[in-house]
Every structure is written in structure tokens, then in C-alpha cells.
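Okay, here's what each chain looks like letter by letter:
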Amino acid sequence: MAAATPLSSLTDALLATRLATHLLATPHLPAELLPAAPLPLPVHLHILRHPALPPASKLSFFLAATPPSSPLLASIFPVLLRALAAGSPPLLDELLPFALSSPSPSTLLPSLLSSLLSASRLDAALSLLDAAPPDLLPRLAAAALPSLIASPDLIAAVPAIRRLLPIASQPPPVRVTNRLLLALSKENLGDDFRHVFDEMSRRGLPSNARFYNICIHAFGKWRQLDMSLRLFAAMKAATPPVVPDICTYNSVIRALVVGGRVTDALVTFDELKSSGIEPDVFTYRAVMNGCCKSFRMDEALRVFQEMRGRSGVGDVVVYNSLLDGLFKAKKLDEACGFFETMVADGIQCSASTHNTVIDGLFKNGRAEAACRLFYELRRKEQLLDGIAY
């Protein structure tokens, strides 16, 4: 623990000792203990850095001994903030009236706001912003936004973020904005997401691939395909261009599939490959899911064979998608042959795989075979869930 600040004179030392002794006994400092003249800086710092004094006593001393117009505030206030933040963060709330009463709140409010946000005193920080002078609010809002977005309970801070974002003197850094947008997307908070996106658009979209990827994916899953495609075109037309990566293409392909535009999804799939990017398992999942749901089984099988040739055996989700498509397209022989291929490829069948095969056999008039498979799987203690039963 840091030692108290050394004192420069015997008079300062005696005064500081008398004040500290009183404050060790009680946090309240009566006015008669203070000299008529302002306290010198060494006495202030000695008390505020005293290792044995509790934070409440330091706050009491500061409020009693420091007028809002003190020329020493620039040196004293940061020391007090550190003492309260380290020892008793709730006491920071009590400094707001003092900071607002200062002749120059612009020197105190930013550091107080920073301390409140760092100590997770969200309500007090918002009270500060509500009471701040209008000319100072844009600067304070810009300073507050990164801390609000970094808070552990980001979703609870969204109303405050929405209020501050339009008035901030500058937007949050793109890395911080991406964290906000990703959280809103995961929670399916479409209105809040669109509010943040619109504000970023008003200020000029950042040249950042991750930003575009998050937005393309979110609008796509919310079936706002036109917005996803406009963003895809905008990133390529930007100056300098924002180069699409595998995540970009996967998001665009999924958005097209969700929107029922499988032909365009296949065109985008070809564009991905021609750009030199290697498709991954998520690419193949999206493409084959689109082909199977639109009963374009020849395309699905072609893409599947391409996947095997490019990257080896896929995952169980890809196989399940193709298996389900073959059954629904009434291609029973191909489906049964594909199930055997799946086993031969060493794919670990899931409960969903077994459900797909059993259901497909029933719906294709092979109830006896479906029952045989069910009982055989149960005998071998294979994965079966409530759907299968």
C-alpha cells in the first residue's frame, strides 16, 4: 500500500496529523478543525493517500476542505477518484453534485464518468450524462459508449447506448461497434440492431470486413435479403474495396438460400471459388441445404462430390441434409445407397440421421424396413431420441 505523501513543512505536518487523527476516529470533519486559509496541496495529498484512512473519511475531508473553485482540483480530484474506486466505488456517486457545481465541469466530469463506468456504476454514470451541460454532452457520450458496450451486461445497457449514439461527438471504434452488433444479432434484437446500423450508416460505414460480415449475416437471417445484398455490393464498391472473405460469402449464400434464391446462391458459390477462397464445411452446408430444400438433387450431389474431392469427408450435418433431400425427392434407392456411403465414410451417425432414415422409409412406403432399422438400432443401443419413438 502506498505511503502517505511527505509534507514540506512542520506546520503542514502538524495540520495533516491533526486532521488524519480525527478522521481515523470519525469520517466527519467539522469546519472548526480547518484553518481559515485554503489547505496547501501537500496536506490534501497526504490525507487522500493516507493508507489507514477509509474511503468515506477521504471523501468527507475532500468535500469539507475543497471548494468547487479550488485551483488545486486538477491535482487533487484524480487522487480522490482512485482512492474511492479502489476502496468503495459506491462513494463515487456522491461526487456528482460537486463536479456539476464546479465553475469548469469540463475538467471534472470526464474523469468522474470514466471512474463510474470502470467501477460499473451504470446508473450513476447515466445520471451524470442526464445532468451534464449540453455543450459537454457529445464529448461525454463519445467517452461513455465504449465502456457501456464493454460492460458485462451489454444488453441491459442497450437503451442507454441507443440514446447516446446519435449525440456522441464521434462513433465508437469499429471493434467496439462490432461487439455491440454481434451481441444484438445473437439476441435477435432486430430493432436495436437496425438503430445502431442506421446511425453507423449516417456517419459513414467503416472499411472493416467483420462489420460487413456481421450485418450481412444478421439481415440475412431476418429475411432482409435486399439489405444483405446491398451491403455485399457496397463493400466491393468501397474505396478502397473491402475484400470479402469466407465468412462474407457464407453469410451471403445463407441469406440467398433463406430467401429462396438458390440459383443466385450457386452463382455466389462459384464466385467464391473463382476468387481463390477455399470453401469450408459451412459453405457446403448452406449450398447443399438450399439445393435439397428446392429438390435440386443433381446439383446437391454434384456439390457433395466436389466437397469430397476438395476437402475430404464432410461432417454429419452435410450428410444429413443430403440424405433428407433424397428421401423427400422420392429418390429412395439413392437415399439408401447414400446412407451406406455415409457409414462407409466413417461418419458418426447422429440421432437426427436415424430419424431422417426412419421417417424417409415410412414416407416412401417402406414401413417394414423402417421398423426393422428402428429395432436393430435399439438392440445395438445406437442413438435414438423421442422423435424416433
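Quick look at the structure, then.

Observations regarding the overall build of the protein chain
Argument step 1. Broken down by element type, the protein chain carries 21 helices and 0 strands.
Argument step 2. Taken along its principal axes, the extent of the C-alpha atoms in the protein chain is 100 × 55 × 30 Å.
Argument step 3. Here the protein chain holds 389 residues, and 45% of them are scored as buried.
Argument step 4. When contacts within the protein chain are restricted to residue pairs at least 6 apart in sequence, those whose partners lie at least 24 apart make up 60%.
Argument step 5. For the protein chain, the accessible surface area stands at approximately 18,900 Å², while carbon and sulfur atoms represent 57% of it.
Argument step 6. Distance between charge centroids for the protein chain: 1 Å, based on 37 positive and 34 negative side chains.

Comments concerning unusual backbone geometry
Argument step 1. The residue after Thr239, namely Pro240, is reached through a cis peptide bond having omega -10 degrees.
Argument step 2. Positive phi, normally seen in glycine, also occurs at Ser120, with a value near 60 degrees.
Argument step 3. Mapped onto the secondary structure, Ser120 falls in the loop between α6 (109-118) and α7 (122-131).

Description of the pattern of salt bridges
Argument step 1. Enumeration according to the criterion identifies 13 salt bridges in this entry.
Argument step 2. Note that Lys273 is salt-bridged to Asp270, the shortest N-O span being 3.4 Å. Of this pair, Lys273 and Asp270 both sit in helix α15 (residues 262-274), 3 residues apart, which is roughly one turn of the helix.
Argument step 3. Between Glu299 and Arg302 there is a salt bridge whose closest N-O contact spans 2.9 Å.

Some remarks on the environment of Cys371
Argument step 1. Along the chain, Cys371 falls in helix α21 (residues 367-379).
Argument step 2. Since its relative accessible area comes to 33%, Cys371 is described here as partly exposed.
Argument step 3. In this structure, the C-alpha to C-alpha distance between Cys371 and Ile214, residues 157 residues apart in sequence, is 45 Å.

Observations concerning helix α8 (residues 137-149)
Argument step 1. Over its 13 residues, α8 runs 18 Å from end to end, which matches the ideal 18 Å to within 8%, given 1.5 Å per residue.
Argument step 2. Of all the residues in α8, the buried ones are Leu137, Leu140, Ala141, Ala142, Ala144, Leu145, Leu148 and Ile149.

Digging into the packing of helix α13 (residues 225-237) against helix α14 (residues 246-258)
Argument step 1. In contact at an axis separation of 10 Å, α13 and α14 are set at 150 degrees when each is read in the N-to-C sense. One way to sum up the angle between α13 and α14 is to call them roughly antiparallel. Considering the relative orientation of α13 and α14, their crossing is left-handed. Residues Leu225, Ser228, Leu229, Phe232 and Met235 of α13 pack against Thr248, Tyr249, Val252, Ala255 and Leu256 of α14.
Argument step 2. Tallied by class, the residues present in the contact of α13 with α14 amount to 8 nonpolar, 2 polar and no charged.

Some remarks on the nonpolar core
Argument step 1. Formed by 122 residues in total, the largest nonpolar core has its most connected members in Leu19, Phe61, Leu95 and Leu112.
Argument step 2. Ranked by residue count, the leading element in this core is α8, at 8 residues.
Argument step 3. For Leu95, the contacting residues outside a window of four places in its chain are Leu59, Phe62, Leu63, Phe77, Leu80, Leu81, Leu84 and Leu112.

Here's the deal with the packing of aromatic side chains
Argument step 1. Counted by the stated rule, this structure contains 12 aromatic pairs.
Argument step 2. For the pair Phe197 and Phe211, a centre-to-centre distance of 6.4 Å together with 10 degrees between the ring planes defines the contact as stacked. A residue pair is termed long-range when its members are at least 10 positions apart, and Phe197 in helix α11 (residues 190-203) and Phe211 in helix α12 (residues 209-221) qualify at 14 residues.
Argument step 3. Classification of Phe211 by relative accessible area gives buried; the value is 0%.
Argument step 4. Ring centres of Phe211 and Tyr212 lie 5.8 Å apart, and the angle between their planes is 85 degrees; this geometry places the pair in the edge-to-face category.
Argument step 5. Of the aromatic side chains, those joined through ring pairs into one cluster are Phe193, Phe197, Phe211, Tyr212, Phe219 and Trp222.

Notes on the packing of α14 against helix α16 (residues 281-293)
Argument step 1. Across the interface, α14 lies against α16 with an axial gap of 9 Å and an inter-helix angle of 15 degrees. With respect to their mutual orientation, α14 and α16 come out roughly parallel. Seen along the crossing, α14 lies across α16 with a hand that is left-handed. When α14 is examined against α16, the residues Ile246, Asn250, Ile253, Arg254 and Val257 are found in contact with a partner set consisting of Phe282, Thr283, Ala286, Val287, Asn289 and Gly290.

Reading the values: rules and limits
- Residues numbered from 1 in each chain as written.
- Predicted model: local features only at pLDDT ≥ 70, side-chain atom pairs only at ≥ 80, totals over all residues.
- Heavy atoms only, no water.
- Helix = DSSP H or I, 4+ residues; strand = E, 2+ residues; numbered from the N terminus.
- Buried < 20%, exposed > 50% of the residue type's maximum accessible area, 1.4 Å probe, protein only.
- Contact = heavy atoms within 4.5 Å.
- Areas by Shrake-Rupley, 256 points an atom, 1.4 Å probe, with all protein chains shown as cover.
- Lys, Arg positive; Asp, Glu negative; His and termini not counted.
- Charge placed at Lys NZ, Arg CZ, Asp CG, Glu CD.
- Salt bridge = Lys/Arg side-chain N within 4 Å of Asp/Glu carboxyl O.
- Expected span 1.5 Å × (residues − 1).
- Axes fitted to C-alpha atoms, helices over the stretch in contact; angles between N-to-C directions.
- Parallel < 35°, antiparallel > 145°, perpendicular 65-115°, else oblique.
- Left-handed = near helix turned anticlockwise from the far one by under 90°.
- Nonpolar A, V, L, I, M, F, W, Y, C, P; charged D, E, K, R; others polar.
- Core = buried A, V, L, I, M, F, W, Y, C linked by side-chain atoms within 4.5 Å.
- Phe/Tyr/Trp six-rings, centres within 6.5 Å; stacked < 30°, edge-to-face > 60°.

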